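# Residue-level structure breakdown
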Amino acid sequence: MEKQTKKRIDDLIDQINNHNYAYYVLDDPQLTDSEYDHLFRELEILEKKNPSLVLPTSPTQRVGHAVSSDLQSYNHEVPMLSLSNAINKNEIEEFYKRILKWFKNKNIDFVAEPKIDGLGVSLIYKNGILEKALTRGDGFKGEDITHNVKTMPSVPLMLRDTRNEIPSFIEVRGEIYMSISDFEKLNNRRKNADEKLFANARNAAAGSVRQLDPKITASRNLSIFCYEIGGSDKINFDNQIDMLSYLKSVGLPVNPLSKKVKNGQDMIAYHRTLENNRLRINYEIDGSVIKVNNYKLRERLGLRARSPRWAIAAKFKAKQTESQLLAIELQVGRTGVITPVAKIKEVDLSGVMISSATLHNQDEIDRKDIRINDFVLIERSGDVIPKITKVLKEKRPKNAKKFSISDYIWPDPNCKVERIKDQAAFRCLNPNCKLRVTAMLEHFCSKNAMNIEGMGPKIVEQLLNENLISSVDDIFRLQYEDLVVLERFKDKSAINLINSINNAKQTTFPRFVFGLGIPNVGQHISKVIDRYCNSSIDNLRQLKVEEMEEIDGIGSTVADAIENYFKDKENDKIVNKCLQNGVNIIPTLFNKSNQKMLNKRIVITGSFETLSRSDLKLRLENNGATVTSTISSKTSALIVGQKPGSKLSKAKKFNIPIIYEQELQNFLDKN
Ligand SMILES: [Zn+2]
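The paragraphs below set out a description of the structure included in this document. (Residues numbered from 1 in each chain as written. Predicted model: local features only at pLDDT ≥ 70, side-chain atom pairs only at ≥ 80, totals over all residues. Heavy atoms only, no water.)

### Looking at helix α3 (residues 89–102)
- The end-to-end C-alpha separation of α3 is 20 Å, in line with the 20 Å expected for 14 residues at 1.5 Å each.
- Every buried residue belonging to α3 is among Ile92, Phe95, Tyr96, Ile99 and Leu100, and all of these are buried. For α3, the angular spread of buried residues about the axis comes to 130°, placing them on one side. Residues of α3 that are exposed and point over 90 degrees away from its buried face: Lys97 and Lys101.
- Contacts made by the buried residues of α3 are with β2 (84–86), β3 (110–116), α9 (264–277), β10 (285–292), α10 (295–301) and β11 (311–315).
- If you check the start of α3, you find a side-chain oxygen 3.2 Å away from the backbone N of Asn90, and it comes from Asn88.
- Count one or two residues on from α3 and you reach Lys104, which has phi positive near 50°. (Helix = DSSP H or I, 4+ residues; strand = E, 2+ residues; numbered from the N terminus. Expected span 1.5 Å × (residues − 1). Buried < 20%, exposed > 50% of the residue type's maximum accessible area, 1.4 Å probe, protein only. Arc of directions from axis to C-beta. Contact = heavy atoms within 4.5 Å. Polar contact = N/O pair within 3.5 Å; in protein donor to acceptor, adjacent residues only side chain to side chain.)

### So, empty space enclosed by the protein
- Enumeration according to the criterion identifies 1 cavity of 30 Å³ or more in this entry.
- Size it by volume and the largest cavity reaches roughly 40 Å³.
- Lining the largest cavity, in full, are Arg160, Asp161, Thr162, Arg163, Asn164, Glu165, Ile166, Tyr246, Ser249 and Val250. (1 Å grid on protein atoms, 1.4 Å probe; cavity = no way out; pocket = protein on both sides within 12 Å on 5 of 7 lines; lining within 4 Å. Points joined across faces, edges and corners; volume = space filled by probe spheres on them.)

### Re the sheet that holds β10
- One open sheet accounts for 5 strands, arranged β2-β11-β10-β3-β9; its pairing is mixed. Each edge of the open sheet is held by one strand with a lone partner, namely β2 and β9 (259–261). On average, each strand axis in the sheet is inclined to that of its neighbour by 35°, with strand direction left out of account.
- Pairing analysis gives 3 bridges linking β3 to β9, with the strands arranged antiparallel. Bridging across to β9, Ala112 finds its partner in Lys259.
- Helix-sheet contacts for α3 involve β2, β3, β10 and β11, and the interaxial angle to β11 is about 170°.
- This element, α9, spans β3, β9, β10 and β11 of the sheet and lies at about 160° to β10. (Pairing = 2+ DSSP bridges. Axes fitted to C-alpha atoms, helices over the stretch in contact; angles between N-to-C directions.)

### A closer look at the packing of aromatic side chains
- Under the defined criterion, the tally for this structure stands at 13 aromatic pairs.
- Judged by centre distance (6.0 Å) and plane angle (75°), the rings of Phe444 and Phe476 are edge-to-face. Note that Phe444 is positioned in helix α12 (residues 434–445) and Phe476 in the loop between α13 (457–465) and α14 (480–484), a separation of 32 residues in sequence.
- Aromatic side chains Phe444 and Phe512 sit 6.3 Å apart centroid to centroid with 75° between the ring planes, which places their arrangement in the edge-to-face category. Taken together, the positions of Phe444 in helix α12 and Phe512 in helix α16 (residues 509–516) put the pair 68 residues apart, joining distant regions of the chain. Per residue, the accessibility class of Phe444 equals that of Phe512, and both read buried.
- Grouped by ring-pair contacts, the aromatic residues Phe95, Tyr96 and Phe110 constitute a single cluster.
- Cation over ring: Arg160 sits above Tyr21, and NZ or CZ is 3.9 Å from the ring centre. (Phe/Tyr/Trp six-rings, centres within 6.5 Å; stacked < 30°, edge-to-face > 60°. Lys NZ or Arg CZ within 6 Å of the ring centre and 35° of its normal.)

### Concerning unusual backbone geometry
- At His360, a residue that is not glycine, the phi angle is positive and equals roughly 65°.
- Residue position: His360 is located in the loop between β14 (352–358) and α11 (362–367).
- A positive phi is found at Asn655, a non-glycine position, where the angle reads about 60°.
- Locating Asn655 in the fold gives a position in the loop between α23 (647–653) and β24 (658–660).

### Topic: the layout of surface pockets
- Taken as a whole, the second largest pocket holds about 1300 Å³ of empty space.
- Forming the boundary of the second largest pocket are 50 residues, of which Tyr23, Tyr24, Pro153, Ser154 and Ser223 lie nearest the centre.
- Looking at the lining of the second largest pocket, the elements that each hand over two or more residues are α1 (2–25), α2 (33–49), β7 (169–178), α5 (180–192), α7 (214–218), β8 (222–232) and α8 (240–249).
- Take the lining of the second largest pocket: its biggest share by element is 6 residues, from α2.
- Of the residues in the lining of the second largest pocket, the class split is 25 nonpolar, 14 polar and 11 charged.
- Both of domain 1 (2–61) and domain 2 (84–315) provide at least three residues apiece to the lining of the second largest pocket. (Nonpolar A, V, L, I, M, F, W, Y, C, P; charged D, E, K, R; others polar. Domains from an automatic or database assignment.)

Remember that the coordinates give geometry; whether it matters functionally is a separate question.
Laid out in structure tokens, this is it:
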């Protein structure tokens, strides 16, 4: 009896999975909705009667329990890089020509596909079973959304093993989205329930996928297209087309509009056709993605700092609307750089209310001849800040006024502005400029820097006005007694802020260094330096420009900025005071199990048969090594692939150990 029930359950699961496959992957449903519901209900009843026969991968198990706390973050094993953008047809053509030149005009295949305006996701399958789903996050670290992704019927809980080709591990990348019709239905429901509406389908999808309770996600009808394999065990493809057909064969939906293209003209034609038809497609797309088809060629092209050379995202023209420029305000950033901001008459731009737009700099204001009170065209693409694209000169009113940053009357008479050498930007020269100090302090306290909870812009401004803080180190001397007497503070909020300041004292090197606000030193660079300095501020202080420039990913601009920062006695003092006032930098453990290559400096030259240069670099870095771009007497080893450059002879001159590809595996295992 039990055997028969088990067989029926297996049979029902197969039928349901086959239906989902036909529906979501092949777009060719074989069952009607009510037939499907019947099967599902029969399965539910059988499982309820025989709880011991319920499989974790059964379609009835998609909606699980709510997660209790915040979503957990995990590192991506292979970073999810972003693509560089092409904003017009010339840039698409340039991309094509660049690749062609690289390969000396050989015939090269490309694949073009729609760029879905959704949410990047990484799906990890172990032995064919969905184990984890992470958001793209910042590309290096994402949030665990497994409980929600499991509710999506288009995501198989178990891969289809029709050709006996399921690897023990595979990480698939895709884009989660909400179809436009589902988005409209959802907003209608919310309107009737008097709930806040989502601005667009992308926001609705993002809000749905990050829920703690999977029941909510399950009710939202999310969809997915998969487009890439991030990593896998013992499965290789020659090209993107083969890889996509593999994804499809194992049950993962891929976009049916993907197409092979041959040259620049094809790419532009594909992009145009997509743009002309975008309103007829039932999901939001904001451009096309063009990739080199062949994987070997991709490896030879390799990566730039944060994006691969073998792909480009071509953007559609953004949506536009008209409004009036009411005023120009000046913002002062943490490095003193001044950004003009246009205040415009509030206007609805593709579902979002807009009241300000970026103006970049004085040159842009002059070039476009933008005057206060002008009627202007506002444009917005994706989530970026809207900008003014054009002045409607035929509508220029009589009271239109020219604007110049140099003539601006600042509230603080000590503020003086000067154009930065060789740049379009102006900077405030007043070392005590309140706007600048405010921006610096806000940045230091912000989430990605020191993450001092409760210390938002308003509180920073208040403490500054009360003369309680004037530089970042002052924050760590604040006392309960200072705060509790202030307006807006109560006993509890004063205690809370002191607590979160104390919590923030235990910090990491990247947070602290990023928080200092050294020009051009962002989160990514801070992490790179962290590894190189072994999380020591003293090491950072002593770094010479030449040494820094050797680190892969750091250029002379960053190196100069860091040196200049510490040359300034005032900055040096602030850093010391922070440390004296209790800031404690917890050393980063790069890889607990294997740090054997710590302090080793490795240079790579040539290309490799068995793995890509970027993978090799990652493996070395995971073992604690620093990958540098030039040979010096301090280099620990040179790894040599095919067609090595001049580095090989230089390494021989310095007597530096040389590792050839056949010895590479041994070298990596040993170290
Ligand atoms: Zn100023």
